[in-house]
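Here is how the chains run, residue by residue.
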Amino acid sequence: MGFYETAHALGHQVNAGMWGQFNKEDVRRSLRKEQLDEHDLQVLLSPAAGDCLEEMARQARSLTRSHFGHVMQLFTPMYLADFCINHCTYCSFSSIYDFPRKKLSPEEVRREAEAIAATGIRHILILTGESRTESPVSYLKECVRILKEFFSSVSIEVNPLSEGEYKELKEAGVDGLTLYQEVYHEETYSKLHVKGPKKIYRNRLDAPERGCRAGFRVVNIGALLGMYDWRQEAFFTAMHARYLQDKYPECEIGLSAPRFRPFLGEYDSGHIVTDRALVQIILAYRLFLPRAGITLSTREPSALRDRLIHLGVTKMSAGVSTEVGGHTQQGGTPQFEISDGRSVHEISEMLKANSLQPVYKDWDMLDAGIY
Amino acid sequence: MSDPFVIGGRSLSSRLFIGTGKYSRNTLIPEVVEASGSEVITVALRRVDPNSNDNIISHIPDSMTLLPNTSGARTAEEAVRIARLAKASGLGNWVKIEVINDQKYLLPDNAETIRATEILAAEGFVVLPYMSPDLSAALRMQKAGAAAVMPLGSPIGTNRGLKTLELLRILIAEVELPVIVDAGIGRPSEAAEAMELGAAAVLLNTAIATARDPLLMASAFRDAVAAGRKAYLAGLGPVEETASASSPLTGFLG
Ligand code: SF4
């Protein structure tokens, strides 16, 4: 049984009408508990909890500081290729858009790596559009081989792969997997993913678990907030994380809370996620999963990012370009527009000004052959 | 009274070990060292980046004994590789073995830790294994050549104090090696309690790093550890459930 069945069973109790049944007393009761269960998670995502954000924030901050200290891990994404065979209604890389597609050659990967490593960053996340012909596992492996010379940790954010393929990548030196479900609500998922293999909901939903089984050290999941009712989406994301945490205790499960950003096409889901709602989601994630890493991307504007660093976030991207080769070349198509364009140095200075230590290196994959 | 504390052939005057993680800036480290009076400091090798201009090692005073830890390791093999790398990079031959396979509570894996202890002790490392307080595991680590055992007081980073008190008591009584209580100590009073119990030393990081004033807290722990040790050496008076008469009850027997 995978998370699909679990989610299905949970789905019976979660509906749009249920959130109003909780009151402030329920919130306080949940906040007093040591171990929160799914009921508490619902309480923390409810409108009643929306009126208790300050209390939640205080507890979330102290949990984060005691478990993670005054440090913030920094990483940078590197876009390797923007070829994609899917049509997702919310993305600029969708196959229906006609623009000159790019894929980095090994020399270009090396140049990008040099440019990023020069900023001090030692953790990198590589991304591609979804195309098994343009960016197959063999291509990823070749890139990882180059990147390992510059970075102590390499993670991937690519199309869902089989357990065997994840194992191959792990052997090649990849230690983290990021894979967003985008939308947990199955019907909405099917509407937004019009064409291509990404349409297969379950293949995506089960992929993080395949990653855990393949032995990645870190598996990061998330819902793209703004596509469907955020309370439900956040609920299923956190339950998915808990499911993986319980089943694969050796794997570090992380969460992201990306909000939908403007892109090349036009798409309006009608599900706005306000700053207030985003804060509530991050707090609920922290309280429900005290030890999970929480990643904050540059999708969020600098001013908001500077506030969120105190509320549960433990990892941030910095010095980001969402274009292929964007660190050394001009003129690519960004996957989406970023909001926080600050350099690694600027983000580090901001963190220091907030009494947080930027951490560039937090793990090293040691080569068994050498030691 | 002389009270030598020797580990790995090194004689230490402070029984407080400290950490380097979780600080808001690395430049706090030398100040905390000073305030705590500590002589042993742990550093996570996974965080050491020799190519960075803010390398954590450069903030540690030369007088300190470095205790590189294998945090991040999930198997004995990984811990062994990290320890060897630390030695090869000139960080000395002490190592705190930390093998954690549970990312939810960060509880140590004693079985893997024993395996790593066997390998590294045989290679001449001064091995200090971080462990869940389990007597048979501690005895195996002792047999494997550990220089001390480091049972947890409560899960790492929780500041909950000595939740494992009964088990620590047993370890202190049964294990011949120094028992260093590591993890969970949140207050100076708890550090003092561990020392009163007979712990050889305590190791802590979160309680100092996340205090409002880390330097003041470091000196509070310095005092508490010293006080606890003194009390242990002095021999605590027996605890009586009911008040005992000051003149003996059988005095009339002459
Ligand atoms: S979201 Fe991913 S799969 Fe969908 S169009 Fe964009 S790049 Fe392709």
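Every chain begins its residue count from 1, and numbering advances along the sequence as written. Labels follow written order: the first chain is A, the first ligand is 1, and so on. It should be noted that, the model being predicted, local features are given only for residues of pLDDT at least 70 and side-chain atom pairs only at 80 or more, the latter also being counted only at that level, while totals for whole chains, interfaces and linings use all residues. Neither water nor hydrogens contribute to the side-chain values; these are computed over all heavy atoms in the structure.

## What about the overall build of chain A?
The numbering of helices and of strands both runs from the N terminus, where a helix is a DSSP run of H or I of at least 4 residues and a strand a run of E of at least 2. Within chain A, the regular secondary structure consists of 15 helices and eleven strands. Taking 371 residues into account, the globule formula puts the C-alpha radius of gyration at 21 Å, and chain A, at 20 Å, falls close to it. C-alpha extents for chain A along the principal axes are approximately 60 × 45 × 40 Å. Only protein chains enter the calculation, and the probe is 1.4 Å; a residue is then buried if its accessible area is under 20% of its type maximum, exposed if over 50%, and partly exposed in between. Burial statistics for chain A: of 371 residues in total, 62% are counted as buried. Residues count as neighbours in contact if any of their non-hydrogen atoms are within 4.5 Å of one another. For chain A, long-range pairs separated by at least 24 residues make up 77% of all intrachain contacts whose partners lie at least 6 apart in sequence. About 14000 Å² of surface is accessible on chain A, with carbon and sulfur atoms providing 50% of the total. Positive residues here are Lys and Arg, negative ones are Asp and Glu, while His and the chain termini are left out of the count. In plain terms, the charge of a residue is placed at NZ if it is Lys, CZ if Arg, CG if Asp and CD if Glu. Treating the 44 positive side-chain charges of chain A as one cloud and the 49 negative ones as another, the clouds have centres 3 Å apart. Within these notes, the globule rule equals 2.2 Å times the number of residues to the 0.38 power, and the radius of gyration is based on C-alpha atoms. Exposure was quantified through the Shrake-Rupley algorithm and a 1.4 Å probe, taking into account, for residues, occlusion by the shown protein chains and nothing else.

## So, the site of the ligand
We call a residue near a molecule or strand when any one of its heavy atoms sits within 4 Å of it. In the vicinity of the ligand, the contacting residues are Cys84(A), Asn86(A), Cys88(A), Cys91(A), Phe93(A), Ser94(A), Gly129(A), Glu130(A), Lys198(A) and Gln335(A). The classification used treats Ala, Val, Leu, Ile, Met, Phe, Trp, Tyr, Cys and Pro as nonpolar, Asp, Glu, Lys and Arg as charged, and all other residues, Gly among them, as polar. The residue inventory of the shell around the ligand, partitioned by class, reads four nonpolar, four polar and two charged.

## Regarding the packing of helix H3 (residues 38-45) of chain A against helix H12 (residues 230-247) of chain A
Residue and element names in this part refer to chain A. Between N-to-C directions, angles span 0 to 180 degrees; the directions come from axes that are lines fitted to C-alpha atoms, helices contributing only their stretch in contact. Packing of H3 against H12 brings their axes to within 10 Å, and their N-to-C directions diverge by 145°. Of the two elements, H3 crosses H12, and the hand of that crossing is right-handed. Each of Glu-38, Leu-41, Gln-42 and Leu-45 in H3 lies in contact with H12, whose residues at this interface are Trp-230, Arg-231, Ala-234, Phe-235, Ala-238 and Met-239. Of the residues assigned to the contact of H3 with H12, the class counts are seven nonpolar, one polar and two charged. When the near helix sits turned anticlockwise from the far one by under a right angle, the crossing is termed left-handed; a clockwise turn instead gives a right-handed crossing.

## Notes on the interface of chain A and chain B
Contacts between the two partners involve 30 residues from chain A and, on the opposite side, 34 residues from chain B. Accessible area, probed at 1.4 Å, shrinks when two parts are joined; the buried area is that loss added up over both. Roughly 2900 Å² of surface becomes buried between chain A and chain B when both sides are summed, with 47% attributable to carbon and sulfur atoms. Any Lys or Arg side-chain nitrogen located within 4 Å of an Asp or Glu carboxyl oxygen qualifies as a salt bridge. For the pair chain A and chain B, the number of links is six salt bridges. Where Lys104(B) meets Asp246(A), a salt bridge forms, and the shortest distance between an N and an O atom there is 2.3 Å. We define a polar contact as two N or O atoms separated by no more than 3.5 Å, with the added condition that, inside protein, one atom must be a possible hydrogen donor and the other a possible acceptor, whereas residues neighbouring each other in sequence contribute only through side-chain atom pairs. In this structure, the connection of chain A to chain B is made through 22 residue pairs in polar contact (both at pLDDT 80 or more). When contributions to the side of chain A that touches chain B are tallied by element, the ones reaching two or more residues are helix H5 (53-68), H12 and strand S11 (357-359) of chain A. With four residues, H5(A) is the single largest residue contributor to the side of chain A that touches chain B. Taken together, the residues of the side of chain A that touches chain B break down into ten nonpolar, eight polar and twelve charged.

Distances and angles like these do not, on their own, reveal function.
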